[in-house]
Amino acid sequence: MSELPGASARLPATPITAQDINGGPDPERRVPFVITAPGVYTLVEDVDWVAQDANARAITIASDDVTLDLRGRTLRQIDPPAPVVAPDPGARPCRGEVVSGNVGVFAEGRTRLVIRNGSVLGIQGVGIAARACSQLDLLDLSVRRCGGDGVIDTGFLCRNGGIFVMGARDATGDIAFAEGIRMINCVCSENTSRLDFVVTLGALVLFCDDVQVKGCVFNRTANTSAQPSGVQFNVVGADFVICRNVLVEDCEAHDNTSGGEPAGFFAWGENYKFLRCRANRNFTLTGNRACGFNISTTNNLEMVECEADGNYNANPAASADAVKDFSALGFRIGRAVYRGLLEGCRAIGNHGASANAPAGGFALHSTRHVVLRRCVAVGNRNASGTAEDDGLAAGFIASTPLADPQGGLVGGEGNAFVDCIADGNTVHRTPLFVQPPAPPVDDGPSRGDPQKGAGFLLERQSDARIIGCQSANNDGKGIWLRACARALVEGNTLSRNTLYGIQNEDPAGLSAFTGNRAHLNGSRHRHSYVGLPPGTPVRKWTLGSPPLDGPSDGIDNLSIRLP
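Parameters at a glance
Residues numbered from 1 in each chain as written. Predicted model: local features only at pLDDT ≥ 70, side-chain atom pairs only at ≥ 80, totals over all residues. Heavy atoms only, no water. Helix = DSSP H or I, 4+ residues; strand = E, 2+ residues; numbered from the N terminus. Contact = heavy atoms within 4.5 Å. Areas by Shrake-Rupley, 256 points an atom, 1.4 Å probe, with all protein chains shown as cover. Lys, Arg positive; Asp, Glu negative; His and termini not counted. Charge placed at Lys NZ, Arg CZ, Asp CG, Glu CD. Pairing = 2+ DSSP bridges. Axes fitted to C-alpha atoms, helices over the stretch in contact; angles between N-to-C directions. Buried < 20%, exposed > 50% of the residue type's maximum accessible area, 1.4 Å probe, protein only. Core = buried A, V, L, I, M, F, W, Y, C linked by side-chain atoms within 4.5 Å. Phe/Tyr/Trp six-rings, centres within 6.5 Å; stacked < 30°, edge-to-face > 60°. Salt bridge = Lys/Arg side-chain N within 4 Å of Asp/Glu carboxyl O. pLDDT = per-residue confidence, 0-100.

A. Expanded view of the overall build of the protein chain. Secondary structure assignment for the protein chain yields one helix and 56 strands. The principal-axis extent of the C-alpha atoms belonging to the protein chain is close to 95 × 50 × 45 Å. The long-range share in the protein chain, meaning contacts at least 24 apart out of those at least 6 apart in sequence, stands at 74%. Split by element, the accessible area of the protein chain, about 21300 Å² in all, is 51% carbon and sulfur. Taken together, the 51 basic and 59 acidic charged side chains of the protein chain have centroids lying 4 Å from each other.

This is the structure in structure tokens:
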């Protein structure tokens, strides 16, 4: 919907001046600028907007069939008013102190809108907000340096930041989805805040259906507060919450940071596809968790050729709260994700310094029937993994499922790793060359305990598959099964892992190991396979000479040693 349908598209453009937005010709009257009729409206000059109160809006669209063309101009808020403060912040659902916020461009309950081609800068609150609007196009926009000391109430949470597109939820909890949303070639950058109990975002897409986000950048979002408002993450580059039928293509979310918990992309809902997206260098210095992608409570997920590199957590006490599922990850796929495919994705150099929770490349947490195919995890590490703590490190993790309030566990079933590579994942404190603002997270003498590291770590999983994967040069085990049952580990290559090739620790039931190849793992030949079920065929042969006659290589696990 790049052009308006019908007669309104043929109407002459209506110019908008700085005087219009700042209250009209009568300085005593200060009339808010509201678009009340269909048509094309163009900004004819840069605007320095002075809000008349802490909840004012620079431009309000109060009609269907409107195109607002900023024509490459900038709408900027200057001299923001003092925010309104709650007399009893603890009594509010959001808990935050500030209860007011300005908006640069606002629309509610409208359809067939286009906002395009310009900049919104420095709004104390939210740059662009559309509530309960359908068939909405946001094209070629730059929304920067918004947030500050303003918020808007988005239901349950107070949020601030760049571009917000929201459906509606009534008092009974029923959702009216905003439909037909397109965000194309937009940049949401440097949207920041310092407010406690507030979520600061590059973009928010909430209660929406049929969403396309393409070619967008969500970077340098920040909130220095360590007090998120009722959720784990209080900074996200692009936040998709309870949405369905979403395509995110060729987008990036990088260098987003928080005093609490940051992520590049967050998603929750149904039918998501991320295609060629990148979430790099999202980090916290003091919070409990940091990750590139955080996908939670989602049915039907597809991620193709995405990358999450260099996301990190520099807090040695990270995840010391009640939720210890991770401290730093590239991809966190978890909390009740059901049916998913990650194909051709990579996680490189994600790292943490926590003694309390894992760091790694990919983690499946309480998931069911999620398949990772041709994914790569290289050089992910935790600098605090010792025998006494939970500072694990692995390229790929399928972690302990959550307890279901109705009894039993959530997820932990039927997950698969096919043709994946885990290389050089470590619990060592190997010093790195680090440039600001990244801190040196390797201070201290410990090198970590390889008992805490692996290429693949599966814990309390059932019916898992690891097929055709390569696990090499990892600090610890190549493949580590812990309290698993009915796993199939087939056709994998394990080489130069410092402790074991495959360890099947404390099995909860029988698993099958067939056609694996192990070479130079640990210090002894017997370190190739540890804890396999009695009777599992293992053939040993010397590199450079043919194996002895016997059963087919397809069913034997080969342990290869040098001459």
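Still more ground to cover, so stick around.
B. Fine view of the sheet that holds strand E44 (residues 421-423). The strand order across the open sheet formed by nine strands is E30-E34-E38-E44-E47-E50-E53-E56-E55, and the pairing between neighbours is parallel. A strand with exactly one partner marks an edge of an open sheet, and here the two such strands are strand E30 (307-309) and strand E55 (538-542). Looking at each pair of strands side by side, their axes are set apart by 10° on average, direction ignored. Where strand E38 (residues 376-378) meets E44, three bridges bridge the pair, whose relative direction is parallel. Each residue of the ladder has a partner; that of Val378, found in E44, is Asp423.

C. The pairing of strand E10 (residues 125-131), seen in detail. Judged by how many residues are buried, E10 sits mostly within the fold: six of seven residues are covered. As judged from the five bridges shared by E10 and strand E14 (residues 158-166), these two strands associate in the parallel manner. Its bridge partner lying in E14, Ala130 is registered against Val165.

D. Inspection of the nonpolar core at higher detail. Ranked by internal contacts, the top residues of the largest apolar core, which has 98 residues, are Phe218, Phe265, Phe274, Met303, Phe331, Leu342 and Phe417. Counting residues per element, this core draws most heavily on strand E24 (residues 235-249), at five residues. In terms of nonpolar packing, the next biggest core, distinct from the first, is built from 29 residues, Phe164, Leu206, Ile242 and Cys291 among them.

E. The packing of aromatic side chains, seen in detail. Here the structure, examined in full by the defined rule, presents 15 aromatic pairs. When the centroid spacing of 6.4 Å and the interplanar angle of 80° are considered together, the rings of Phe218 and Phe265 count as edge-to-face. On the criterion of sequence distance, the pair formed by Phe218 in strand E22 (residues 217-219) and Phe265 in strand E27 (residues 262-275) is long-range, its members being 47 residues apart. Judged by its relative accessible area of 1%, Phe218 is buried. Where Phe293 meets Phe331, the ring centres are 4.9 Å apart and the plane angle is 10°; that geometry is what we call stacked.

F. Region of interest: the sheet that holds strand E39 (residues 381-382). Reading across from one edge, E12-E19-E23-E26-E28-E31-E35-E39 is the order of the eight strands in this open sheet, with parallel pairing throughout. The open sheet has two free edges, formed respectively by strand E12 (147-148) and E39, since each of these has just one partner strand. Strand direction decides the pairing type here: strand E31 (residues 312-313) and strand E35 (residues 351-352), joined by two bridges, are parallel. Counted as the bridge partner of Asn313 is Gly352 from E35.

G. Highlighting the environment of Ala290. With respect to the helices and strands, the residue Ala290 is situated in strand E29 (residues 290-304). Setting aside residues up to four positions removed in sequence, Ala290 forms contacts with Pro262, Asn282, Phe283, Thr284, Tyr312, Asn313, Phe326, Ser327, Ala328 and Leu329.

H. Geometry of the side chain of Thr42. Inspection of the secondary structure puts Thr42 in strand E3 (residues 39-43). You can call Thr42 buried: its relative accessible area is 7%. Not counting residues within four places of it along the chain, the set of residues in contact with Thr42 comprises Ala13, Thr14, Pro15, Ile16, Asp69 and Arg71.

I. The pattern of salt bridges, seen in detail. Throughout the structure, instances matching the rule amount to 22 salt bridges. Salt bridges sharing common partners tie together Glu261, Arg289, Asp325, Arg332 and Arg335.

J. Structural view of the confidence of the model for the protein chain. Averaged over every residue, the pLDDT of the protein chain is 90; residues scoring 70 or more account for 91%. pLDDT under 50 marks residues 1-8. Its contacts with residues more than four places away, or in other chains, come to 25 contacts.

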